[in-house]
Amino acid sequence: MSSKNLILRRIREALGGEPAAVDVPRDYRRGPAPVDLDLLVERLVDYKAVVHRTSDIPGTIRGIVGSGTVVAPPGLPAEWVPSGSVRDDDLSAADIAAADGVVTAAAVAIAETGTIVLDASPDQGRRILSLLPDLHICVLHPDQVVATVPEAVARLSPGRPLTWISGPSATSDIELNRVEGVHGPRNLHIVLVEEEAAA
Amino acid sequence: MSTHSPRGVGHLRGDQPFPEAAKVALANPQLRRNLQHATTTIRGKSGRVIAELPDWQELRAAGSALKAYTMGNLPRLLEQLEEKVTAAGGVVHWAADANEANRIVTDLVHQTGETRVIKVKSMATQEIGLNEALEAAGITPVETDLAELIVQLGKDKPSHILVPAIHRNRSEIREIFLREMPGVDPELTDEPTELAAAARRYLRETFLSTKVAVSGANFAIAETGTLAVVESEGNGRMCLTLPDTLITVMGIEKLVPAWTDLEVFLQLLPRASTGERMNPYTSMWTGVTPGDGPQNFHLVLLDNGRTAVLADEVGRSALHCIRCSACLNVCPVYERTGGHAYGSVYPGPIGAVLSPQLTGIKDNPSLPYASSLCGACFDACPVMIDIPSILVHLRNQAPHPRTEKAVMAAAAYTMDRPRLYARAQKAARLSKLLGKRGRGLPPPLHGWAASRDLPEPPPETFRDWWRGR
Amino acid sequence: MTVRIALFATCLADTMFPAAARSTVQLLERLGHEVVFPEAQTCCGQMHVNTGYQDQARSLVRRYVRTFEPHDLVVAPSGSCVGSIRHQHAMIAGDPTLAARAEAVASRTYELSELLIDVLKIEDVGAYYPHRVTYHPTCHSLRVLRVGDRPLRLLRQVRGLDLVELPAAEQCCGFGGTFSVKNADTSTAMLADKIQHVLDTGADVCAAGDASCLMHIGGGLSRLRVGVKTVHLAEILASTELEARL
């Protein structure tokens, strides 16, 4: 007997009889709830992300990057890409790692937890892009922000590779205190676009 | 018929019974200070972020029901998962026990021609002793989680589900790094930020040059075939993104029925485990994505005693565990003995109910007794596993010492006969024969008297007083 | 209105700490109620259940059910025993008829602070106890019965009593029945911390609603000869100014 059949038979014997009918109570908040951008900012900052609220996206990005080199996903709006940047066109890991930073958009953000989610759309790129450089600049529009986790799950497509990011890389492994800065980007900047620019 | 995890492989059985093994930690004041500091810190953090949610209890109820539903429908959900993963370009393997899982992973690595794998912390691969199996086959496993690295460099054993090096404080970690980490800066201080940066420098080249990774999984969604790994440092993202081949080893109980159900667990897990509103990184992938991440994906579904747990109607809810370690952090026993005393990769209250069920009670008879039944674990569990009740249930199955059996039988006999009982109460006054304040008690009762006096028996029992008034 | 209450003294209080049971009687009678003591009672069986002897415990469950079935209201001066009665009796009863009867009796069985506050609706029992007291809430009262702050509400009304908060109060004292014997070293480490917290309060009395935890904490305090007394909640609530003068 294959191990698959063995395991399935063991499970059926263990359970005995009919599949269990279990009612799942969903009395928790599932939204939609009003979005509080100030809360999002507070929660991002609490986990050591730097937040820029601005209507000047290119200028803000240039200011953060300074003289550093950045990589950009193929679908990132051209005006956000600082001069001297490298567009990802199947770049090698070494090339990406050599860049000082990366600029991406986002798919969703969650105010209550201070989380941004990337779904590898063309303006966010391959997962490796936002992983190797030490600086991640993420441009976020207010209409991408939801209040709670269930609302974010509902907006996302599980078929895409997803990366949920809450603050810079961190660890709780030393005396169970959160310390920022291990393998992922140690600097996370969120450019939160002000309403007038989004309009 | 269901089978327990086999002997001679993996890390589910200790060398000593819990009370003996606990003596090591109890005699080490530095270790106890480290544990007390860490568990007190995490209890505070977790309590604060849980209090922020108005619907924590509703989330717990949903999480508990979702897990019960999953267990009750496991065969259908597992086959659904296999179908979805396969459709998305992954390959699913089934492993009846630790030996088979180790063989599958080792063969898969051999097929790539590589001799080194990077690993993101996974309880399942620790449980089955995968690292030892890989090493025996000439493959070097590199643990990339900071705490695992501390354990691996310190030639130590993990002592906590979430933070395997919880028993080490910052200055001990600095010493381990200075002693064991090639190319480390000799000026390294014990600042946690500097220690983390040292690990970053040390592992970077390994991440970029290793072609095979091994991971566990926190959740697998049957409906979509999506896997999720929840982590903090980014070592998980490195392992899940950079290599050509990814091999994920996952217990069959890690299933979640539908995509939507993640909305529950992604709120429960971080707040209960690291005490964060959300952990820094969560990665989710479905099979293979062309041009993004590993192009070869293998999922190994592991039984290794889980079906034996499932066969016990009371004990099976131990499989609901999402490995948050909240029960460890609130446990007064764990706080004083640390994780090594449990002899299994699963320490603390959840380990005390899970390990004996995975191995069979005969191989871990002391673990169900490693609890004062104070109930703090049940309150802390984000999926409401009634650990105290399972402990009591397992004690009823445990082999009992012969003397204890005789004493308990005699006590029950007497207590079911009030007149005999009343006479025995009077005889209790003879306990003075046992020496002043119990200091002459015979084993196993002498342990009590090592630090505590027995009360002097009163001049009359309540019963006597009641009759006399 | 006079209420008729059956006392379940518990085997430990009956045998080793009769003051807890005596005080329960005196307190309830002082409040104008009638207390009866069904003599067929012995033990709730918790020690057997928690040590892994459910078969032997079953006869004790049956005895408890038979003994207290005729009574409308039962009180026990122990959170732990009432916890076992409510959460273990039906579970281990074996046959469904006994389980149903056990559940019915359990629903009429109260721990002392529950009886006073929830059933008799009284917080000020007219007690007088001129001491500095700290209160250990005991695990089963807290987490099995969920008595919450009921004992503290009762203590706050006691004349002369100076109530001081116990640090880390909700942590187990390390007793756990046979845990204290089977894992004596770990139990001792837990007790040492509990005692340190008690001493830190500067109280001269450590009170609790369970004779078992008090026996444990008291055993440690006695060994240290520090002069802090352990006293059952019932004893404090039964104390009056008149007694204090005598």
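Residues numbered from 1 in each chain as written. Chains lettered and ligands numbered in written order. Predicted model: local features only at pLDDT ≥ 70, side-chain atom pairs only at ≥ 80, totals over all residues.

Chain B is annotated in an unreviewed UniProt entry as Lactate utilization protein from Paractinoplanes bogorensis.

In the annotation of an unreviewed UniProt entry, the entry for chain A reads LUD domain-containing protein, and the organism field reads Paractinoplanes bogorensis.

**What about the interface of chain B and chain C?**
When the parts of a complex come together, some accessible area is lost, and that lost area is often used as the size of the interface. Tallying the contact residues gives 49 residues for chain B and 52 residues for chain C. Split into classes, the residues belonging to the side of chain B that touches chain C amount to 30 nonpolar, ten polar and nine charged. (Contact = placed C-beta atoms within 7 Å. Nonpolar A, V, L, I, M, F, W, Y, C, P; charged D, E, K, R; others polar.)

**Details of helix α7 (residues 96-106) of chain C**
Residues and elements named next belong to chain C. Within α7, the full set of buried residues consists of A102, V105 and A106. Buried residues in α7, looked at end-on, bunch into an arc of 95 degrees, giving them a common side. Of the exposed residues in α7, the ones pointing more than 90 degrees away from its buried face are P96, T97, A100 and A104. Structurally, α7 contributes buried residues whose contacts are with α4 (54-68), α5 (79-87), α6 (89-92) and β4 (109-111). (Buried ≥ 20, exposed ≤ 12 C-beta atoms within 10 Å, placed from the backbone. Helix = DSSP H or I, 4+ residues; strand = E, 2+ residues; numbered from the N terminus. Arc of directions from axis to C-beta.)

**Some details on the UniProt feature "domain: LUD" (unreviewed entry) in chain A**
With numbering aligned to this structure, UniProt lists the feature "domain: LUD" (unreviewed entry) at residues 96-193 of chain A. The span residues 96-193 of chain A is 10% helix and 35% strand, and its two end C-alpha atoms sit 26 Å from each other. (UniProt positions renumbered as here; feature names shortened; annotations may be inferred.)

**A short note on the arrangement of the chains**
Contacts are most numerous between chains A and B, considering all two pairs of chains that are in contact. The two units chain A and chain C are non-contacting; their minimal C-alpha-C-alpha distance is 20 Å.

**Things to note about the domain arrangement of chain B**
By the assigned domains, chain B splits into domain 1 (18-306) and domain 2 (402-468). A separation of 50 Å is found between the C-alpha centroids of domain 1 of chain B and domain 2 of chain B. (Domains from an automatic or database assignment.)

**What to know about the interface of chain A and chain B**
At the junction of the two partners, chain A supplies 61 residues and chain B supplies 79 residues. For the side of chain A that touches chain B, the element with the highest residue contribution is helix α1 (residues 3-15) of chain A, accounting for eleven residues. Considering only residue class, the side of chain A that touches chain B consists of 31 nonpolar, 15 polar and 15 charged. Taken together, the four bridges between strand β9 (residues 162-165) of chain A and strand β9 (residues 281-286) of chain B define a ladder with antiparallel strand orientation. Looking across to β9 of chain B, one finds that W164 of chain A is bridged to T282 of chain B. (Pairing = 2+ DSSP bridges.)

**Focus on the packing of helix α19 (residues 402-415) of chain B against α4 of chain C**
Here α19 of chain B crosses α4 of chain C at 10 degrees, and the two axes come no closer than 9 Å. Judged by the inter-axis angle, α19 of chain B sits roughly parallel to α4 of chain C. Contacts between α19 of chain B and α4 of chain C pair M408, A409, A412 and M415 of chain B from the former with Q56, S59 and L60 of chain C from the latter. For the contact of α19 of chain B with α4 of chain C, the per-class residue count stands at five nonpolar, two polar and no charged. (Axes fitted to C-alpha atoms, helices over the stretch in contact; angles between N-to-C directions. Parallel < 35°, antiparallel > 145°, perpendicular 65-115°, else oblique.)

**As for the sheet that holds strand β7 (residues 245-251) of chain B**
Residues and elements named next belong to chain B. Spatially, β1-β10-β7-β4-β2-β3 is the arrangement adopted by the six strands of the open sheet, whose pairing is parallel. For this open sheet the edge positions go to β1 (91-95) and β3 (140-143), each flanked by a neighbour on one side alone. Strand-to-strand, the axes of this sheet are offset by a mean angle of 25 degrees, without reference to chain direction.

**Topic: helix α16 (residues 348-359) of chain B**
All names here are of chain B. With twelve residues, α16 should cover 16 Å at 1.5 Å per step; its first-to-last C-alpha distance of 16 Å lies within 8% of that length. With twelve of its twelve residues buried, α16 lies for the most part within the structure. In this structure, the buried side of α16 is in contact with α13 (306-310), α14 (326-330), α15 (332-337), α17 (376-380) and α18 (387-397). Where α16 terminates, the next one or two residues include G360, which has phi positive at roughly 90 degrees. (Expected span 1.5 Å × (residues − 1).)

**Focus: the environment of I5 of chain C**
Residues and elements named next belong to chain C. If you trace the backbone, I5 turns up in strand β1 (residues 4-7). Look at I5 and you get buried, because 22 C-beta atoms sit within 10 Å. Along the sequence, I5 and V75 sit 70 residues apart, while their C-alpha atoms lie 6.9 Å from each other. Filtering out sequence-adjacent residues up to four positions away, I5 remains in contact with L28, H33, E34, V35, L73 and V75.

**Re unusual backbone geometry**
Residue P32 of chain A follows G31 of chain A across a cis peptide bond; omega there is 0 degrees. Among the secondary structure elements, P32 of chain A is positioned in the loop between α1 and α2 (37-46). At K155 of chain B, a position not held by glycine, the phi torsion is positive, near 50 degrees. Following the sequence through the fold, K155 of chain B ends up in the loop between α8 (146-153) and α9 (170-180). Backbone geometry at S325 of chain B places phi at a positive 75 degrees, although glycine is not the residue there.

**A few points about the packing of helix α12 (residues 184-201) of chain C against helix α13 (residues 211-224) of chain C**
Residues and elements named next belong to chain C. At a minimum axis separation of 10 Å, α12 and α13 run at an interaxial angle of 75 degrees. One element, α12, and the other, α13, form an angle in the roughly perpendicular class. Residues L191, K194, I195 and V198 of α12 form the contact with α13, whose participating residues are H216, I217, G220, L221 and L224.

**Digging into the pairing of β9 of chain A**
All names here are of chain A. Where burial is concerned, the two faces of β9 agree: the one with L162 and W164 and the one with T163 and I165 are both buried. Across three bridges, strand β6 (residues 115-118) lies against β9 in antiparallel orientation. Residue pairing in the sheet places L118 in a bridge with T163 of β9.

**Details of the sheet that holds β4 of chain C**
Residue and element names in this part refer to chain C. Overall, parallel pairing links the four strands, which are arranged β2-β1-β3-β4 in an open sheet. Where the open sheet ends on each side, the last strands, each with one partner, are β2 (34-36) and β4. Here the average twist between neighbouring strands, direction ignored, is 35 degrees. Of the strand pairs in this sheet, β1 and β2 are connected by three bridges, and their pairing is parallel. Within β2, the residue paired with I5 across the bridge is V35. Sheet strands in contact with α5 are β3 (74-76) and β4, and its direction is about 150 degrees off that of β4.

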